[in-house]
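Residues per chain are reported as follows:
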Amino acid sequence: MTYRWLHFYRVSDADSLRRIFWFCLLFLFAGCNHTPQPQLPPAVIAVTVAPTTPAATFSPTPAPTATLSQPIDPIAVIKDQSVLITPAATATLTPLGVFNPCPVQDSVAPPVGSLSILYFNDSGLWRWEEETDTRTALPLPPDAASPLPSPDAERVAFTLERDDGVVELWVIDRDGGNQQRLATVSIADYLAASPEYVADATLTYRWIAERNLLAYELTPVLQALGDIPRETVTIADPAIGETWTLVPGGEVGPLIYRADGLQAAGFTEESVRLIDVNSGTVQHVVSLPLYNWNRHSADYTPGGEKLVAFTEEGIGLVDTATGAAGSIPFSYTPIGMGHYALMPPIYWLPDGFTFYTLTPEGNDEGDIFAPDDRFTIWRVDTRSATVEAVETYTGSMVSVRFSPDMQRLSFWTQRPDNVRTLYVADLELGEQVAYDRLPSLEFLDWHPDSKQFIYWEFREKAPLLGHLCRPATPLEGVTIPLVGTLHWIDADRFIAVEGMRRGFEVEGPWEIHLRSVTGEDLLLDTVEGKAPQVGLIEN
């Protein structure tokens, strides 16, 4: 049994607001202040609660003495990148139409078995079972905030905040039993010792996949621009009720974790530290001069053999077992400045050792909404330490969405009047089509079969179901005002979270629907408060 978040695309954001955000990102020197917000889970809500089950006061154990080792046996560095670049194929453009001939054959994706859906917001945590069509409120304490199910769906973590500025991290079994208080942290003491531009702080946490361990830290909320304080990261094991320090405060930037949960990578200004999650011991320190260690672009390969990171010299490759390191020369320029620079992304291909990345082309001003903006897709091979250009497209780099099989992508171009043209490209065929043109067009999601997709015209029409081989049709059963999120469950069904629009604002009550392309609609629940987050339990 596993639990996975449904990767929703928010469709409630107005195009004008999105443009304001990017304007702030690209022109910080003009005085546009941006306060970064913590990632999941949501901000802690101030409440008072008496714990129902006694628990020992949190006291982390000291981290073992770090053992540092230097990288050995460097990977051979490619000296001349030009020999690796394959000229891009000339794209065939069919105006406002579909691929002809169609590049894929119709097939029916197998349906998902009986659904079990977990959803929550600031007013509670619920579970819906398709087999019995029952909705069950899980027995969290009444003032619990930010519930977060574990990857195996067996436990739920949540926070409680007391009146004295202390926040507690709790975990319970999914049936409400075995309540444990894992941590007690004073936000008041933290703020008293912080710089003046730190306005507040929240206790943020995440589950480490496959291990069902919790990693937590205090995350500052800034009221002005300044260096983001890096705080202590602590690991908690709910199975044995123990905690230990993974990274001392001020040492490294945001951590990433290997898929097996046994190793974490933390970045400093000049290096990356590979850390044993079980003990907090530093296994290797590898020199990696990053553009921005607080806003890095790095990831483990799906199998965990290597760590990939974009550096000032190109693309760094680190062997996670030995610390051996090398670099692929690769020229790129981040979009934006400082903490908020947008780095080249990493999209892993199904083979697990190659990935796509994107870079802007021919736009010195970095306007990601320019009508003539272009971007190039590159394929990076981590085994041979090579990189090649795949194709250059005219379109907005930030609008790119890859299909689940990574064979196709969508993107759009935008005119000064906000009319967008949606393009769909086939990387294997080297072809693209201009699929549709609408005011303020938004692309929502690819279908799991990688040949259908959802998009819509903001505030004007119901979402459209596009297809590589035929024109779009309205998505049955979904009408105005759809404002919330969508996600496919199988070939026919999808979950929609819908609210009501008040101008540019979207608010509850929120309805969670299970819909199908043929028009069937099942209202799962109506909830108040913040927009609910939804996940699928896979039995």
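Residues numbered from 1 in each chain as written. Predicted model: local features only at pLDDT ≥ 70, side-chain atom pairs only at ≥ 80, totals over all residues. Heavy atoms only, no water.

## Side note on the packing of aromatic side chains
Tallied over the entire structure, the rule returns 21 aromatic pairs. Residues F310 and F355 carry aromatic rings whose centres are separated by 6.5 Å and whose planes lie at 75° to one another, so their mutual orientation is edge-to-face. Remark: F355 occurs in strand β23 (residues 354–361) and F310 occurs in strand β19 (residues 306–311); sequence separation between them is 45 residues. One exposure class covers both F310 and F355, and it is buried. Residues F375 and Y393 carry aromatic rings whose centres are separated by 5.7 Å and whose planes lie at 40° to one another, so their mutual orientation is tilted. One end of the pair, F375, is in strand β24 (residues 374–381); the other, Y393, is in strand β25 (residues 386–394), with 18 residues separating them in the sequence. On the basis of relative accessibility, which here comes to 2%, the residue Y393 falls in the buried class. (Phe/Tyr/Trp six-rings, centres within 6.5 Å; stacked < 30°, edge-to-face > 60°. Helix = DSSP H or I, 4+ residues; strand = E, 2+ residues; numbered from the N terminus. Buried < 20%, exposed > 50% of the residue type's maximum accessible area, 1.4 Å probe, protein only.)

## A look at the pairing of strand β20 (residues 314–319)
Taken across its six residues, β20 has five buried, putting it largely inside the fold. Bridge count for β19 against β20 is six bridges, and the pairing is antiparallel. Each residue of the ladder has a partner; that of V308, found in β20, is L317. Hairpin geometry of β19 and β20 is characterised by an intervening segment of two residues between the two adjacent antiparallel strands. One ladder, built from five bridges, connects β20 with strand β21 (residues 325–329); its direction is antiparallel. (Pairing = 2+ DSSP bridges.)

## A look at the sheet that holds β25
Taken together, four strands build an open sheet; the order of strands is β22-β23-β24-β25 and the sheet is antiparallel. Both edges of this open sheet fall to β22 (347–348) and β25, since each of them pairs with a single strand only. With eight bridges connecting them, β24 and β25 associate as antiparallel partners. Paired with W378 across the two strands is A389, which belongs to β25.

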